[in-house]
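A look at the structure
In case you want the letters, here they are:
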Amino acid sequence: MAEALTVHITAPDAAQAAEMARTLVSEGLCACVNIVPDVRSIYLYDGKICDEPEVLCIVKTRPTLFERLQRRVLELHPYEVPEVLAFAVDEGSPAYLDWLRQSTTAE
């Protein structure tokens, strides 16, 4: 099993991303959320090509918390179909991985 996950979530703006990030961290569902500004997303939705500014949230969590985190994102997110994509972290700094485990809730 992976040591950790990074989860990519896009949001319409930094304010909504920060509100979601604070909730996820305060509820122990992740240890950290990086909010990357000025993302341009071009995608197909409802049969048309969309071209929108967004921000990217990079969330660090444990694999065992992903389902809970995903459910909470779906509750908080303004999009009908938000991006919630998880990527396995197979290795990392032992000190960082320990901090991540200590900063998230126990299962």
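Everything below is about the structure shown above.
This one's a predicted model, so the numbers in the text were calculated from it and none came from an experiment. Here the residue numbers are simple positions, counted from 1 along each chain's written sequence. Restriction of local features to residues with pLDDT of at least 70 applies here, the model being predicted, together with a cutoff of 80 or more for giving and counting side-chain atom pairs; totals for whole chains, interfaces and linings are based on all residues. For side-chain calculations, the full set of non-hydrogen atoms in the structure is used, while hydrogens and water are omitted.

**Some thoughts on unusual backbone geometry**
A positive phi angle, close to 60 degrees, is found at D38, a residue other than glycine. What counts as a helix is a DSSP run of H or I of at least four residues, what counts as a strand is a run of E of at least two, and both are numbered from the N terminus. Among the structural elements, D38 can be located in strand β2 (residues 32–45). Think of it in three bands: with a 1.4 Å probe and only protein chains considered, a residue is buried below 20% of the maximum accessible area for its type, exposed above 50%, and partly exposed in between. By relative accessible area, D38 is classed as exposed at 76%. Positive phi values are uncommon outside glycine, yet D46 reaches one of about 55 degrees. Here D46 is to be found in the loop between β2 and β3 (48–61). Residue D46 is classed as exposed on the basis of its relative accessible area of 66%.

**Quick word on the packing of helix α1 (residues 14–26) against helix α2 (residues 66–76)**
Contact pair α1 / α2: the axes reach a minimum separation of 11 Å and the direction vectors enclose 145 degrees. Here α1 runs over α2; the crossing is right-handed. Contacts from M20, T23 and L24 of α1 reach α2 at R72, V73 and L76. Angles shown run from 0 to 180 degrees and are taken between the N-to-C directions of axes, each axis being a line fitted to C-alpha atoms and, for helices, limited to the stretch in contact. Left-handed describes a crossing in which the near helix is turned anticlockwise from the far one by less than a right angle; the clockwise case is right-handed. Pairs of residues are marked as contacts when any of their non-hydrogen atoms sit within 4.5 Å.

**Things to note about the layout of surface pockets**
Quantified by volume, the largest pocket comes out at close to 190 Å³. Ranked by the residues each element gives to the lining of the largest pocket, the list is headed by β2, at three residues. Residue polarity is assigned by list, with Asp, Glu, Lys and Arg as charged and Ala, Val, Leu, Ile, Met, Phe, Trp, Tyr, Cys and Pro as nonpolar; anything else, Gly included, falls into the polar class. Its residues assigned to classes, the lining of the largest pocket shows five nonpolar, two polar and three charged. Buried and open spaces are told apart on a 1 Å grid over the protein atoms alone, a cavity being a set of points where a 1.4 Å probe fits but cannot get out and a pocket being an open set with protein on both sides within 12 Å along at least five of seven lines. Residues with an atom within 4 Å of a point are the lining residues. Grid points are joined across faces, edges and corners, and a volume is the space filled by probe spheres set on the points.

Function cannot be read off these values alone, since they describe shape.
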